[in-house]
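Structure assessment
Given next are the chains, with one letter for each unit.
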Amino acid sequence: MNKLNLIKCKKCGLDFNESDVEFHHIVPKCIGGVDLDGRVYLCHKHHNILYSLILRWIVDSVPENLIKPIKNKIKEKTEGYLNATTTTAKRRF
Ligand SMILES: [Zn+2]
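Criteria and cut-off values
- Residues numbered from 1 in each chain as written.
- Predicted model: local features only at pLDDT ≥ 70, side-chain atom pairs only at ≥ 80, totals over all residues.
- Helix = DSSP H or I, 4+ residues; strand = E, 2+ residues; numbered from the N terminus.
- Buried ≥ 20, exposed ≤ 12 C-beta atoms within 10 Å, placed from the backbone.
- Contact = placed C-beta atoms within 7 Å.
- Expected span 1.5 Å × (residues − 1).

1. A short note on the overall build of the protein
Within the protein, the secondary structure is distributed over three helices and four strands. Moving toward the C terminus, one meets the helices and strands of the protein in the order β-β-β-β-α-α-α. For the protein, with 93 residues in total, the buried portion stands at 5%. Residue pairs at least 24 apart in sequence account for 35% of intrachain contacts in the protein once pairs closer than 6 positions are excluded.

Written as structure tokens, this is what we have:
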């Protein structure tokens, strides 16, 4: 691959192919972030680490009285997701 096509991870500084990096929104889109908030390229590893940290920061910012309803909603949604039959599973059986 042409070296000019490699993209540098903002965190580790290593060069990656386009398919091995994420265009990370500084404020994640799932909580209303927009392009104007800033975006950086991160390798998958550092994108996953930062996303985990962001989730932790969100949880730490939520008032104690709101944590329980959020936990219940996540439990319900996760169980629904895990119990839903996927296209792949249907093909396998
Ligand atoms: Zn990296």
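From this point, the narrative continues.
2. Let's talk about the environment of Asp 35
The residue Asp 35 is located in the loop between β3 (21-25) and β4 (39-43) in this model. Accessibility expressed as a C-beta count within 10 Å gives 10 for Asp 35, which makes it exposed. Along the backbone, Asp 35 and His 25 are 10 residues apart, and their C-alpha atoms lie at a distance of 6.7 Å.

3. Overview of helix α2 (residues 64-83)
In an α-helix, one full turn covers 3.6 residues, which means residues spaced three or four apart are oriented alike. For α2, built from 20 residues, the straight-helix expectation of 28 Å at 1.5 Å per residue is met to within 8% by its first-to-last C-alpha distance of 29 Å. Burial analysis of α2 places just zero of its 20 residues in the buried class, a small minority of the element.

4. Focus on helix α1 (residues 44-61)
An ideal rise of 1.5 Å per residue puts 26 Å on 18 residues; α1 measures up with 26 Å between its terminal C-alpha atoms. α1 sits mainly on the outside: zero of its 18 residues count as buried.

5. What to know about the environment of His 24
Within the secondary structure, His 24 sits in strand β3. Its 20 C-beta neighbours within 10 Å are what place His 24 among the buried residues. Spatially, the C-alpha atoms of His 24 and Arg 39 are 5.3 Å apart, while their sequence positions differ by 15 residues. Among all residues touching His 24, those that are not within four sequence positions of it are Arg 39, Val 40, Leu 42, His 47 and Leu 50.

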